[in-house]
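# Structural description and commentary
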Amino acid sequence: GLVVDYNIERTSTSGGLNEDSDGNAFALHNVHGGRYTNITCMSARKHCFDILGNTYNRSGSNFTFNKRHNLTSRNIYVDQIKCMGMGDDGFTTHGVEYITAGYVQISRGTYSNKNSNAVEIDDISRFVSVKNASGRFVNKGVEVKGHGDTFAAEHVFFGRIVAEHCARGFEI
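Source: prediction; values computed, not measured.

## Notes on the packing of aromatic side chains
- Applying the stated rule across the entire model yields 5 aromatic pairs.
- Measuring from centroid to centroid gives 4.9 Å for Phe26 and Phe49, while their planes differ by 15°, and the two rings are stacked. One end of the pair, Phe26, is in strand E2 (residues 26-29); the other, Phe49, is in strand E4 (residues 49-52), with 23 residues separating them in the sequence. For the residue pair Phe26 and Phe49, the accessibility class agrees, reading buried in each case.
- Ring geometry for Phe49 against Phe91: centres 5.6 Å apart, planes inclined by 20°, an arrangement best described as stacked. Remark: Phe91 occurs in strand E6 (residues 91-94) and Phe49 occurs in strand E4; sequence separation between them is 42 residues. Here the two residues Phe49 and Phe91 agree in accessibility, since each one is buried.
- The structure contains a cluster of three or more aromatic residues connected by ring pairs, namely Phe26, Tyr36, Phe49 and Phe91.

Reading the values: rules and limits
Residues numbered from 1 in each chain as written. Predicted model: local features only at pLDDT ≥ 70, side-chain atom pairs only at ≥ 80, totals over all residues. Heavy atoms only, no water. Phe/Tyr/Trp six-rings, centres within 6.5 Å; stacked < 30°, edge-to-face > 60°. Helix = DSSP H or I, 4+ residues; strand = E, 2+ residues; numbered from the N terminus. Buried < 20%, exposed > 50% of the residue type's maximum accessible area, 1.4 Å probe, protein only.

Shown next as structure tokens:
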């Protein structure tokens, strides 16, 4: 399989690496269709594995930038995703639809002292199905949400979730 090591020790935050998706180990931007299997992501500054449509435009609370765009990642299947040592979330989605994740295993959010989740289904995501997910030594095993300047995720399905040594197992 593919091993992606962001190697946070050799990168700096210049150029916005701590604010945008550039801090991700593996990111799918505006992807239409595809199958991604057997991928291991390590040591990301932000997210280990991120599927997103548009970029992270934080616009306050007036919905200026974060409406649903036609830049939406859709019809993607991922399986056997392993993530470890991320700054924020292990497996996450933003602005996507029709995503299926077979098995996602996340452990040790090491570069953040606060909200490091194993699986996060976020902003404007819809029709997302996660069949099997496990999180170990992270803040939350699974979180489904939206920020104040966008719409929350909707139509999200989870099969089996295992959360070990987490502050919370599941949060909506």
